[in-house]
Amino acid sequence: MAATKASHAPTPTPAEPVLERFYNLRNAAIRLDLTDPDDPDDTTGQRWLRDGFNRPEDGSKGRKFPGRYMGRNLVFSETDLAVIAQISLEETEARQKAKEQPPVSTGRPRRARRTAKAPALATV
């Protein structure tokens, strides 16, 4: 009797790449509800997004916003906008907690005032 081969298990086909929707700077600001969509001259929120994207990698100025350049334009995907909203929420909460804390004195204490006045310099 000849040996028969078992049929091959079906190989999983790679999933089709999902193309995310990308937004330019103005549309990202509109999507995050930072600017008025009806006013074409309103640039509110665009600088905030640009500055957040250009934060240093070391985190000294806060977490860097995700995004990318396509065709010399800064664009954000829908996933990026969700992360930006989460970063903003975390930073706002941290700022509120810091506001509730009393300020830490970093200077030297003031010199105590003398109770009795020192005599003026004698002039002869």
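In this numbering scheme, every chain counts its residues from 1 along its sequence in written order. Given that the model is predicted, a residue must reach a pLDDT of at least 70 before its local features are reported, and side-chain atom pairs must reach 80 or more before they are shown or counted; all residues, however, enter totals for whole chains, interfaces and linings. Derived side-chain values reflect all non-hydrogen atoms in the structure, with water molecules and hydrogen atoms excluded from consideration.

A. Quick peek at the overall build of the chain. Along the chain, the regular secondary structure elements total three helices and three strands. Helix and strand definitions follow DSSP, with helices as H or I runs of at least four residues and strands as E runs of at least two, each counted in order from the N terminus. Across the chain, helices and strands are ordered from the amino to the carboxyl terminus as β-α-α-β-β-α. Looking at the chain residue by residue over its 124 residues, the buried ones come to 17%. Contacts: residue pairs with any heavy atoms within 4.5 Å of one another. A sequence separation of at least 24 residues applies to 40% of the contacts in the chain between residues at least 6 apart. For every accessible area listed, the method is Shrake-Rupley and the probe measures 1.4 Å; residues are considered covered only by the protein chains on display. For the chain, the computed accessible surface area is about 11,200 Å², with 53% contributed by carbon and sulfur atoms. Classification of residues uses two cut-offs on accessible area relative to the type maximum, computed with a 1.4 Å probe and protein chains only: under 20% is buried, over 50% is exposed, and between them is partly exposed.

B. Local environment of helix 3 (residues 78–100). Over its 23 residues, helix 3 extends 34 Å from the first C-alpha to the last, a length consistent with the 33 Å expected when each residue adds 1.5 Å. Considered for burial, the residues of helix 3 that qualify are Asp80, Leu81, Ile84 and Ile87. In the core, the buried residues of helix 3 are packed alongside strand 1 (22–24), helix 1 (25–31), helix 2 (46–53), strand 2 (68–70) and strand 3 (73–77). Helix span is expected to be 1.5 Å times the residue number reduced by one.

C. Expanded view of the pattern of salt bridges. For this document, the term salt bridge refers to a Lys or Arg side-chain nitrogen within 4 Å of an Asp or Glu carboxyl oxygen. Tallying each qualifying case throughout the model produces six salt bridges. Here Lys64 makes a salt bridge to Glu57, at a shortest N to O gap of 3.7 Å. Its relative accessible area of 32% is what places Lys64 among the partly exposed residues. Glu57 sits in the exposed class, given a relative accessible area of 69%. Linking Arg68 and Asp80 is a salt bridge whose minimum nitrogen-to-oxygen distance equals 3.0 Å. In this pair, Arg68 sits in strand 2 while Asp80 sits in helix 3, placing the two residues twelve residues apart along the sequence.

D. Broad picture of a negative patch on the surface. Together, Asp36, Asp38, Asp39 and Asp41 line one region of the surface with negative charge. Position of Asp39 among the secondary structure elements: in the loop between helix 1 and helix 2. Exposure above 30% relative accessible area and the absence of a salt bridge qualify a residue for a patch, where like charges join within 9 Å and nonpolar side chains (Val, Leu, Ile, Met, Phe, Trp, Tyr) within 5 Å. His residues and chain termini do not enter the charge count, which takes Lys and Arg as positive and Asp and Glu as negative. By convention, charge coordinates are those of NZ in Lys, CZ in Arg, CG in Asp, or CD in Glu.

E. Layout of the sheet that holds strand 1. Two strands form a pair only when DSSP identifies at least two bridges running between them. Judged by pairing direction, the sheet is antiparallel, and its three strands sit side by side in the order 1-3-2 without closing on themselves. Two strands lie at the open edges of the sheet, namely strand 1 and strand 2, each paired on one side alone. The mean inter-strand angle of the sheet, taken between neighbouring strand axes irrespective of direction, is 50 degrees. Judged from the three bridges that link them, strand 1 and strand 3 form a sheet pairing that is antiparallel. Residue pairing for strand 3: Phe22 is matched across the bridge by Ser77. Axis definition: a line fit to C-alpha positions, over the contact stretch in the case of helices; interaxial angles, taken between N-to-C directions, run 0 to 180 degrees. In the packing of helix 3 onto the sheet, contacts are made with strand 1, strand 2 and strand 3, and the angle to strand 3 comes to roughly 80 degrees.

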